[in-house]
Amino acid sequence: MEKLYNDFSFGLFFWQAIILVILILLLVKFAWKPIMESITAREEGIKDALLAADNAKKEMQDLQANNERILQEARLERDSLLKEAREMKEKMIADAKEEAQVQGQKMIEQAKASIESEKNAAMAELKSQVSSISLEIAEKLLKEELSNKESQMKLVEKMLGDVKLN
């Protein structure tokens, strides 16, 4: 270090100081502005990128909220469609039951009417047979009764007694 103090020259120091000042002035004039402009441009680029990232983040949040809303609407629509389908199914089942009951009632009424008509036909046939049998019996009885004069008179008197006069 002592050697440095001994070899120190004011002239050399002076010229080095002037060269340094000139170099600083040249750097300020020609290099400092472009360096500062590039730093400023980079800073603004970073700010713009941060703003773009914030906007993208907000947009992503909006999209997520929109997706949630769409999903919620889809769920509600699905639920309403399922409810409507259930209601339609229950209505169809109720209509089918009602139609089956109506058809059953019609069939029962038709069966009753058929039974009634068959019953009436059987009664008519039975009456017809009973009347023909009664006529045959009456014919046989009358033949037997009319062959005897005394019994004929009794029959006529009996019939006259049965007839009521007004």
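I will try to describe carefully the structure that is included in this document. Just so it is clear, the model here is predicted, and its values are computed rather than measured.

Rules behind the numbers
- Residues numbered from 1 in each chain as written.
- Predicted model: local features only at pLDDT ≥ 70, side-chain atom pairs only at ≥ 80, totals over all residues.
- Heavy atoms only, no water.
- Salt bridge = Lys/Arg side-chain N within 4 Å of Asp/Glu carboxyl O.
- Helix = DSSP H or I, 4+ residues; strand = E, 2+ residues; numbered from the N terminus.
- Buried < 20%, exposed > 50% of the residue type's maximum accessible area, 1.4 Å probe, protein only.
- Phe/Tyr/Trp six-rings, centres within 6.5 Å; stacked < 30°, edge-to-face > 60°.

Quick notes on the pattern of salt bridges
Side-chain pairs of opposite charge can arise where the charged atoms are in close proximity.
1) Next: Taken as a whole and assessed by the stated rule, the structure comprises 4 salt bridges.
2) Next: In this structure, R69 engages E73 in a salt bridge whose closest nitrogen and oxygen atoms are separated by 2.9 Å. One end of the pair is R69 and the other is E73, both in helix α2 (residues 10-146) and 4 residues apart, which spans about a single turn.
3) Next: Judged by its relative accessible area of 43%, R69 is partly exposed.
4) Next: Note that K91 and D95 form a salt bridge whose closest N and O atoms lie 3.2 Å from each other. Of the two residues, K91 and D95 both sit in helix α2, 4 residues apart, roughly one turn of that helix.
5) Next: Under the relative-accessibility criterion, K91 is labelled exposed at 53%.

So, the packing of aromatic side chains
1) Next: The final tally for this structure, using the stated rule, is 1 aromatic pair.
2) Next: Pairing F14 with W15 gives two aromatic rings, centres 5.6 Å apart and planes at 70 degrees, and the pair type is edge-to-face.

Quick look at the environment of S9
1) Next: You can see S9 is positioned in the loop between α1 (2-6) and α2.
2) Next: Separated by 29 residues in sequence, S9 and S38 place their C-alpha atoms 40 Å apart.

Take it as geometry only, folks, not as evidence of what the structure does.
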